[in-house]
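The lines below spell out each chain.
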Amino acid sequence: MLEDLDLNLLTISSARAAVGERQTTATGLVEKFYSKIEAEDRQPGQVNAYLTLTRDRALEQAEKIDAIVDRGDPLPPLGGVPLAIKDVIITRGVRTTAGSKILGKYIPPYDCTAVSRLEQAGAIILGKLNCDEFAMGSSNENSAWGPVRNPRDLARVPGGSSGGSAATVAAGTAVAALGSDTGGSIRQPAAFCGVVGLMPTYGRVSRYGLIAFGSSLDHIGPLTKSAKDEAILLRHLAGHDPMDSTSSHLPVPDYEQGIGKPVRGLRIGVPKEYFPEEMDAEVRRSVEAGIELLAKSGCEIKPISLPNTRYAIPAYYVVATAEASSNLARFDGVRYGYRSPNAKTLSEMYRRSRDEGFGPEVKRRIMLGTYALSAGYYDAYYLKAQKVRTLIAGDFTETFKDVDAVVTPTTPTPAFKLGEKSDDPLAMYLADIFTVTASLAGIPGVSVPCGESKSGLPIGMQILGRYFEEGTVLRLAHALEHARAAASA
């Protein structure tokens, strides 16, 4: 019965089964989620993950699913499963803000491919989720609509920029969520909130309908309660899209079918550069415990080196800000988005619209990127950063000749307090120090919980794989989940 369903424990499979086996209707399940959202997310001082609720759209989809069940027809693979979408992902007829005042009233005329594919598979979209403005941030404190709070400790950040997506899954106000990852923005918040977050290989999931930050770095990916749920969602998200020239033509495997295969014999590389002496002791202990569980599951653990890792943060912040400067030039007050009412000339309209519409972090990155691309500095900064990017990708290519996956911490510390790093941009940028390398290389990576701090804060392990081998990293994540569950039983 509906009243017996614990939304905090609901998975994709159990939600679909509850609807298909008539324990509840899809409509009843949606209404129960909305009641939880209103009670636990939308009030002052609460999580603040949802920016816009799509109640009419959700109920219309739920009625279609209920009609399928009433007719006795086969339920779609995601039939009746309530999901939520990061607000940098376009949704037709639904306000999409990218966490920015400059898009505060923007209503898109089309759907992102990822959203269309999920709804075609029967999923129900509950609403749009808060995020750092234009996905620029590591703490979800840069949104024009206020910060998201970590459900595990409301005084702490959920991570960014997909903090709303991670917090929603952790709080149980959606079964799963879509986020975007440019330098760690799915994996880092997944670690901070204690959920699973996957960044697929660049090109595995279409970016059509994703508001661009750094076009050569942006990925769409799912955040879920388990590796199995990641596998289910990725099966429906992945695949070539004629609307995205960077999407891959490679066939999409059945990730769910392969996830339970034994991991015995898989070779796991552990890079020394990701375990510096000064790293947080609780993070080190939890990740090393996770590695030991994989070893007990039959994996071969091999020490490795990724020597160009130390250049990743400066290279990433040159490439990402340069691409952001170019992408955000379109927001000029002319075609769509915010237009300053105080301007009297065309040039003043450009200046005032961007000054009043963008927040401080977005302005900082636009200025950094514009400088890096300017005459006389392009070769010294942007071109050199791209060369370093090639070296970092080469490190992984060589490493994957000897190992099947690489395991690292996801973050250098557990979730930090709200406001703790707001006045120190460099300290904030270093929160992504373990995730940007995979982003620069374009390889897949997943963050999976591997422990907790003494104060109960989640700690995540990052598993990186070869290009288009999401199945391998999800297999290992699934194996770790089962090993941890067995160890604590």
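Below: a short report on this structure.

Definitions and limits used
Along each chain, residue indices are assigned from 1 in the same order as the chain's sequence is written. Thresholds applied to this predicted model are a pLDDT of at least 70 for local features of residues and 80 or more for the giving and counting of side-chain atom pairs; totals over whole chains, interfaces and linings are not thresholded and use all residues. Calculated side-chain values reflect all of the structure's heavy atoms, with hydrogen atoms and water omitted. Stacked, edge-to-face and tilted are the three classes for Phe, Tyr and Trp ring pairs, Trp counted by its six-membered ring, which pair at centre distances within 6.5 Å; planes under 30 degrees apart are stacked, over 60 edge-to-face, the rest tilted. By definition, being over a ring means that NZ of Lys or CZ of Arg is both within 6 Å of the ring centre and within 35 degrees of the ring normal. Secondary structure counts use DSSP, requiring at least four H or I residues in a row for a helix and at least two E residues in a row for a strand, with both numbered from the N terminus. Relative accessibility under 20% of the residue-type maximum defines a buried residue, over 50% an exposed one, and the middle range a partly exposed one, all with a 1.4 Å probe and only protein chains included. Any pair of N or O atoms that falls within 3.5 Å is considered a polar contact. Within protein, one atom must be able to donate a hydrogen and the other to accept it, and sequence-neighbouring residues count only if both atoms are side-chain atoms. By definition, residues are in contact when any of their heavy atoms lie within 4.5 Å. Think of a 1 Å grid over just the protein atoms. A cavity is a set of points where a 1.4 Å probe fits yet cannot get out, a pocket is an open set with protein on both sides within 12 Å along at least five of seven lines, and lining residues have an atom within 4 Å of a point. Grid points are joined across faces, edges and corners, and a volume is the space filled by probe spheres set on the points. Gly is put with the polar residues, along with every residue not named as nonpolar or charged; the nonpolar set is Ala, Val, Leu, Ile, Met, Phe, Trp, Tyr, Cys and Pro, and the charged set is Asp, Glu, Lys and Arg. At least two bridges found by DSSP between two strands are what make those strands a pair. Angles run from 0 to 180 degrees between N-to-C directions of axes, and those axes are lines fitted to C-alpha atoms, restricted for helices to the stretch in contact.

### Observations concerning the packing of aromatic side chains
One pair of aromatic rings is described through two measures. These are the centre distance and the angle between the planes.
Next up, step 1: Using the criterion set out here, one finds 14 aromatic pairs in the structure.
Next up, step 2: Members of the aromatic cluster, joined through ring pairs, are Tyr 106, Phe 134, Phe 331, Tyr 336 and Phe 358.
Next up, step 3: Note that Arg 95 overlies the ring of Trp 145, its terminal NZ or CZ placed 5.3 Å from the centroid.
Next up, step 4: Its guanidinium or amino end placed over the ring of Phe 416, Lys 421 lies 4.5 Å from that ring's centre, counting from NZ or CZ.

### Here we look at the side chain of Ser 162
Next up, step 1: Turning to its location among the elements, Ser 162 is positioned in the loop between β3 (124-129) and α5 (163-171).
Next up, step 2: Overall, Ser 162 belongs to the buried group, its relative accessible area being 0%.
Next up, step 3: Here Lys 86 takes part through its side chain, which lies 2.9 Å from a polar atom of the side chain of Ser 162.
Next up, step 4: Ignoring anything within four residues of it in the chain, the contact list for Ser 162 reads Lys 86, Asn 140, Gly 179, Ser 180, Ser 185, Ile 186 and Pro 189.

### Examining empty space enclosed by the protein
Left-over empty space is what a probe sized like a water molecule reveals as it rolls over the atoms.
Next up, step 1: Tallied over the entire structure, the rule returns two cavities of 30 Å³ or more.
Next up, step 2: Residue lining of the largest cavity: Ala 135, Gly 137, Gly 160, Gly 183, Gly 184, Ser 185, Phe 213, Tyr 316, Tyr 317, Arg 365 and Asp 432, and that is the complete set.
Next up, step 3: Of the residues contributing to the lining of the largest cavity, the split by class is four nonpolar, five polar and two charged.
Next up, step 4: Put simply, the second largest cavity is a space of about 30 Å³.
Next up, step 5: Residues that form the lining of the second largest cavity fall into these classes: four nonpolar, three polar and two charged.

### Focus: helix α7 (residues 227-237)
Next up, step 1: The buried count for α7 comes to eight of eleven residues, which makes it a mostly enclosed element.
Next up, step 2: Of the residues making up α7, those classed as buried are Ala 227, Asp 229, Glu 230, Ala 231, Ile 232, Leu 233, Leu 234 and Leu 237.
Next up, step 3: Following α7 by one or two positions, Gly 239 adopts a phi angle in the positive range, close to 125 degrees.

### Quick look at the sheet that holds strand β1 (residues 50-53)
Sheets are built from strands that pair by backbone hydrogen bonding, the pairs being arranged parallel or antiparallel.
Next up, step 1: Pairing within the open sheet is mixed, and its eleven strands lie in the order β1-β3-β2-β4-β6-β5-β10-β11-β9-β7-β8. The open sheet has two edge strands with one neighbour each: β1 and β8 (300-304). Adjacent strand axes in the sheet meet at a mean angle of 30 degrees, parallel and antiparallel pairs treated alike.
Next up, step 2: Here seven bridges tie strand β10 (residues 445-452) to strand β11 (residues 458-465), and the two strands are oriented antiparallel to one another. Across the sheet, residue Pro 449 finds its bridge partner in β11, namely Gly 460.

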